[in-house]
Amino acid sequence: SLPAKLINGGIAGLIGVTCVFPIDLAKTRLQNQQNGQRMYTSMSDCLIKTIRSEGYFGMYRGAAVNLTLVTPEKAIKLAANDFFRHHLSKDGKKLTLLREMLAGCGAGTCQVIVTTPMEMLKIQLQDAGRIAAQKKLMAAQAQLSSSSAAGAAEPAVETRTTATQITRELLRSKGIAGLYKGLGATLLRDVPFSIVYFPLFANLNKLGQKDPNVKAPFYVSFLSGCVAGSTAAVAVNPCDVIKTRLQSLQRGVNEDTYSGILDCTKKIWQKEGPMAFLKGAYCRALVIAPLFGIAQVVYFIGIAEFLLDMFPKHRA
């Protein structure tokens, strides 16, 4: 039932985000740093420096936004894919690869309603620590090089903003469009992701089914979700880098600004080289793999069906 799909998607999203959010924070910071202003050399270096400068909970900056919005986001994505698969199937016959891809395309298109503002707010909070650390480092270097250290200004203390403050400011200055900055880049990432992920998962999962009418074992669903998720994540990573750069409102010292997708792509290619489009790919694969593996296991276990059996009046 639809309520079961929504509950399953929400539970899967909450569990997954809680487990992998620090890696997602490292991915955002690695993708946003530009040549000449690099604060981190790798995922582990980023997480170690974040803990040292911001404490353990610094790795979860922006997590509240994700935990709040990931339930409708994942619910829409998974439920929309099932909806399109159902309506694209003819008399219950097996879907062709093209129809599976179309269903994934529909799911990816639907989810950006929630994904875009969620990612927009999350990126501001995740990257704030990197920008603050960069400013402190440059202030310290300036102080050391100054001939009169006594007269050097103290490094500015970071003023932490909340998702609510960012939302109010964007709505006040730019209206609802402010929360949907980077919508085109989000579509370029999420639609191809879903086109790759859902058909790949479905076909990998079928390999573990001894009988077409019996579910594959839960470990097959988990591994299929991990493999399909990481493959799709790496495939669309260039679009994710562009999306992250476009949605970042604050820039580090001497970092480029971008006017759109084409301008961002051109500047990254010219100034940082083609390998820059793979920044954070390793982190993104580590985030997406367990996230979708967990999602498929939650579907397999049928937690929502159990809950709905306890409260039958809420069934569709």
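Per an unreviewed UniProt entry, the protein is named Mitochondrial glutamate carrier 1, and its organism is Smutsornis africanus. UniProt, in its Sequence similarities (unreviewed entry) section for the protein, records the words "Belongs to the mitochondrial carrier (TC 2.A.29) family."

Bringing empty space enclosed by the protein into the picture now. Under the criterion given, the structure shown has one cavity of 30 Å³ or more. Residue lining of the largest cavity: 23 residues in total, with K74, E119, R284, I288 and L291 positioned closest to the centre. Breaking the lining of the largest cavity down by element, the ones donating at least two residues are α1 (2-32), α3 (63-88), α4 (97-145), α6 (183-207) and α10 (281-301).

Opposite charge on two side chains lets them pair, provided their charged atoms get close. Evaluation of the coordinates by the stated rule reveals 18 salt bridges. Two residues, D240 and K27, come together in a salt bridge whose shortest N-O distance is 2.9 Å. With D240 in helix α8 (residues 237-247) and K27 in helix α1, this residue pair connects regions lying 213 residues apart in the sequence. Here D240 falls in the buried class, since its relative accessible area comes to 0%. Linking E272 and K279 is a salt bridge whose minimum nitrogen-to-oxygen distance equals 2.8 Å. Note on accessibility: E272 and K279 belong to one class, buried. If you follow the salt bridges from partner to partner, you end up with D24, K27, E119, K122, R189, D190, D240 and K243 in one network.

Taking 1.5 Å per residue as the helical rise, α4 with its 49 residues ought to reach 72 Å, whereas the 62 Å between its terminal C-alpha atoms falls clearly short. Roughly 50 degrees is the biggest bend found in α4, and it falls at V112.

Across the interface, α3 lies against α4 with an axial gap of 7 Å and an inter-helix angle of 170 degrees. One finds that α3 runs roughly antiparallel with respect to α4.

Covalent bonding between the sulfur atoms of two cysteines defines a disulfide. Under the counting rule described, the total for this entry stands at zero disulfides. C283 provides the cysteine sulfur closest to C46, a residue in no disulfide bond, and the two sulfurs are 7.6 Å apart. The closest cysteine sulfur to the non-disulfide-bonded C105 is located on C110, 9.4 Å from its own sulfur.

What follows deals with the packing of aromatic side chains. Scanning the entire structure with this criterion turns up eight aromatic pairs. With a centroid separation of 5.4 Å and 80 degrees between ring planes, the pair formed by Y56 and F57 is classed as edge-to-face. With relative accessibility at 68%, the residue F57 sits in the exposed group. A centroid spacing of 5.0 Å and a plane angle of 75 degrees characterise the contact between Y197 and F198, whose relative ring orientation is edge-to-face. Its relative accessible area of 4% is what places F198 among the buried residues. Following the ring pairs from residue to residue traces out a cluster consisting of F21, Y56, F57 and Y60.

Right, let's talk about the confidence of the model for the protein for a bit. Overall, the prediction assigns the protein a mean pLDDT of 82, with 87% of residues at 70 or greater. Averaged pLDDT values for the elements of the protein fall to 56 in helix α11 (residues 303-310) and rise to 94 in α8. In this model residues 147-152 is a low-confidence stretch, pLDDT under 50, and it forms two contacts with partners more than four residues away in sequence or in other chains.

Where nonpolar side chains cluster on the molecular surface, the patch consists of F218, Y219, F222 and L223 and spans about 410 Å² of accessible area. Positionally, Y219 belongs in helix α7 (residues 218-235). Judged by relative accessible area, Y219 falls into the partly exposed class, the value being 47%.

As a further point, take the packing of α4 against α6. Running from N to C, α4 and α6 cross one another at 135 degrees; their axes reach a closest spacing of 7 Å. Comparing their axes, α6 and α4 come out oblique. As α4 runs across α6, the sense of the crossing is right-handed.

Another point: the nonpolar core. Membership of the largest hydrophobic core comes to 34 residues, with the highest contact counts inside it found for A26, M43, F193, Y197, C283, I288 and F292. For this core, the elements supplying multiple residues, two or more each, are α1, α2 (43-54), α3, α6, α7 and α10. With eight residues, the top contributor of residues to this core is α10. For F292, the residues in contact, after removing those within four places along its chain, are K74, K77, F193, Y197 and G225.

Secondary-structure assignment places R160 in the loop between α4 and α5 (163-174). Residue classification places R160 among the partly exposed residues on the basis of a relative accessible area of 47%. As a C-alpha pair, R160 and A128 span 32 residues in sequence and 8.0 Å in three-dimensional space.

Thresholds, definitions, all that
Residues numbered from 1 in each chain as written. Predicted model: local features only at pLDDT ≥ 70, side-chain atom pairs only at ≥ 80, totals over all residues. Heavy atoms only, no water. UniProt positions renumbered as here; feature names shortened; annotations may be inferred. 1 Å grid on protein atoms, 1.4 Å probe; cavity = no way out; pocket = protein on both sides within 12 Å on 5 of 7 lines; lining within 4 Å. Points joined across faces, edges and corners; volume = space filled by probe spheres on them. Helix = DSSP H or I, 4+ residues; strand = E, 2+ residues; numbered from the N terminus. Salt bridge = Lys/Arg side-chain N within 4 Å of Asp/Glu carboxyl O. Buried < 20%, exposed > 50% of the residue type's maximum accessible area, 1.4 Å probe, protein only. Expected span 1.5 Å × (residues − 1). Bend = angle between axes of the 7 residues up to and from the residue. Axes fitted to C-alpha atoms, helices over the stretch in contact; angles between N-to-C directions. Parallel < 35°, antiparallel > 145°, perpendicular 65-115°, else oblique. Disulfide = S-S within 2.5 Å. Phe/Tyr/Trp six-rings, centres within 6.5 Å; stacked < 30°, edge-to-face > 60°. pLDDT = per-residue confidence, 0-100. Contact = heavy atoms within 4.5 Å. Patch = residues over 30% accessible without salt bridge, like charges linked within 9 Å, V, L, I, M, F, W, Y side chains within 5 Å. Areas by Shrake-Rupley, 256 points an atom, 1.4 Å probe, with all protein chains shown as cover. Left-handed = near helix turned anticlockwise from the far one by under 90°. Core = buried A, V, L, I, M, F, W, Y, C linked by side-chain atoms within 4.5 Å.

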